[in-house]
Amino acid sequence: PRDAARGGDSRAAVVARDLQRLLFVAHPDSGCTGSMTDDRSRLVNIRPCNESFSSATGSVAYARCIGDLPALTRASSGKLVVVVFTNVRWVPEFKYTLLSVRQLWHEQHIDTTFRDESALILPPSCGSLRIEFDARRELPTVPFVSVANLLRLGGGRVDLPRLLSRQSAFVPTRAATVVDAARDD
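Residues numbered from 1 in each chain as written. Predicted model: local features only at pLDDT ≥ 70, side-chain atom pairs only at ≥ 80, totals over all residues. Heavy atoms only, no water.

S.K.: Which residues make up the overall build of the chain, and what values go with them?
M.R.: When you go through the chain residue by residue, the secondary structure sums to 4 helices and 16 strands. Buried residues in the chain amount to 44% of all 185 residues. Long-range pairs, those at least 24 residues apart, make up 57% of the contacts in the chain with a sequence separation of at least 6. Of the roughly 10500 Å² of accessible surface on the chain, a fraction of 52% belongs to carbon and sulfur atoms. (Helix = DSSP H or I, 4+ residues; strand = E, 2+ residues; numbered from the N terminus. Buried < 20%, exposed > 50% of the residue type's maximum accessible area, 1.4 Å probe, protein only. Contact = heavy atoms within 4.5 Å. Areas by Shrake-Rupley, 256 points an atom, 1.4 Å probe, with all protein chains shown as cover.)

Written out as structure tokens, the structure reads:
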């Protein structure tokens, strides 16, 4: 609803829109050719991309750009973890964020299990942390907070290292590494 007195969105509408940009779910997908999202604002390090993708229904959509998707979640150990998924395509016609199981393994050595323990498993260099799928959902689903949007909406006032203090942050480049923010200096 619009706030007629101010000529803009109501406070509730702004909060709802901001939460929608912050919170999202991603679906690990063994049939997905490349990782993709429908929301460009989640991406950083954006580069041009001209790839086409077919949906499960057979329709063709085009990636408009490619970038890295930093996302905050909680590992099964309880630690907050920032995972930077690399080379994620922005495909606005698709309505989901899909993580290509093959791409995760080949580019970042992130394993995916769909067995009794359904989870993303970070490489040993990152402590083999496990990010379990949401057991309440039928499809493999991982809840995330968009770090790019958290920083944007925070207006530069979000201190991510402090947010992650006494936690572990996973910040992969080509080869995965862990930045341990739990220092008792």
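From this point, the narrative continues.
S.K.: Which residues make up the pattern of salt bridges, and what are the values?
M.R.: Tallying each qualifying case throughout the model produces 7 salt bridges. A salt bridge links Arg 42 to Asp 38, with the nearest nitrogen and oxygen atoms 3.5 Å apart. A relative accessible area of 26% places Asp 38 in the partly exposed class. Across the salt bridge formed by Arg 137 and Asp 134, the nearest N and O atoms sit 3.6 Å from each other. Using a relative accessible area of 43% as the deciding quantity, one classes Arg 137 as partly exposed. A residue is classified by how much of its surface remains accessible, and Asp 134, at 14% relative accessible area, is buried. What you see here is one network of salt bridges that share partners, running through Asp 38, Asp 39 and Arg 42. (Salt bridge = Lys/Arg side-chain N within 4 Å of Asp/Glu carboxyl O.)

S.K.: Break down the layout of surface pockets for me, citing the residues and quoting the values.
M.R.: Each pocket or cavity is described by its volume, and for the largest pocket that value is around 410 Å³. Those elements that provide at least two residues to the lining of the largest pocket are β3 (23–29) and β6 (52–54). Residue contributions to the lining of the largest pocket peak at 3 residues, all from β3. In this structure, the second largest pocket occupies an estimated 190 Å³ of space. Around the second largest pocket sit Gln 20, Arg 21, Leu 23, Phe 24, Val 25, His 27, Asp 38, Asp 39, Arg 42, Lys 95, Tyr 96 and Thr 97, which together line it. Elements that contribute at least two residues to the lining of the second largest pocket include exactly α1 (11–22) and β3. At 4 residues, the largest contribution of residues to the lining of the second largest pocket is made by β3. Looking at the lining of the second largest pocket, its residues break down into 4 nonpolar, 3 polar and 5 charged. (1 Å grid on protein atoms, 1.4 Å probe; cavity = no way out; pocket = protein on both sides within 12 Å on 5 of 7 lines; lining within 4 Å. Points joined across faces, edges and corners; volume = space filled by probe spheres on them. Nonpolar A, V, L, I, M, F, W, Y, C, P; charged D, E, K, R; others polar.)

S.K.: Quick one: what's the story with a nonpolar patch on the surface, residue by residue and with numbers?
M.R.: Among the surface-exposed residues, Val 15, Leu 19 and Leu 23 lie close enough to one another that they form a single nonpolar patch of about 250 Å² accessible area. In this structure, Leu 19 sits in helix α1. Accessibility expressed as a relative area gives 43% for Leu 19, which makes it partly exposed. (Patch = residues over 30% accessible without salt bridge, like charges linked within 9 Å, V, L, I, M, F, W, Y side chains within 5 Å.)

S.K.: Could you give me a rundown of the pairing of strand β10 (residues 97–100), with the residues and numbers involved?
M.R.: Where burial is concerned, the two faces of β10 agree: the one with Thr 97 and Leu 99 and the one with Leu 98 and Ser 100 are both buried. Here β3 runs beside β10; their pairing, made up of 4 bridges, is parallel. Across the sheet, the residue bridging to His 27 is Leu 98, located in β10. (Pairing = 2+ DSSP bridges.)

S.K.: Lay out the environment of Ser 59 in plain terms, naming residues and giving numbers.
M.R.: With respect to the helices, strands and loops of the structure, Ser 59 is situated in the loop between β6 and β7 (60–62). Looking at Ser 59, the relative accessible area reads 41%, which means it is partly exposed. Sequence-distant contacts of Ser 59, defined by excluding residues within four places in its chain, comprise Phe 53 and Ser 54. In terms of polar contacts, Ser 59 uses its side chain to reach the side chain of Thr 57, at 3.5 Å. (Polar contact = N/O pair within 3.5 Å; in protein donor to acceptor, adjacent residues only side chain to side chain.)

S.K.: Which residues make up the nonpolar core, and what values go with them?
M.R.: Leu 69, Phe 85, Ile 110, Leu 120, Leu 122 and Phe 144 are the most contacted members of the largest nonpolar core, which totals 23 residues. Elements that contribute at least two residues to this core include exactly β3, β8 (65–74), β9 (80–90) and β14 (142–146). When residues in this core are grouped by element, the largest group, 5 residues, is from β9. Among all residues touching Phe 85, those that are not within four sequence positions of it are Gly 67, Asp 68, Leu 69, Ala 71, Leu 99, Leu 104, Gln 108, Ile 110, Leu 120 and Phe 144. Among the nonpolar cores identified, the runner-up in size contains 10 residues, and Cys 49, Ala 61, Ile 66 and Phe 94 belong to it. (Core = buried A, V, L, I, M, F, W, Y, C linked by side-chain atoms within 4.5 Å.)

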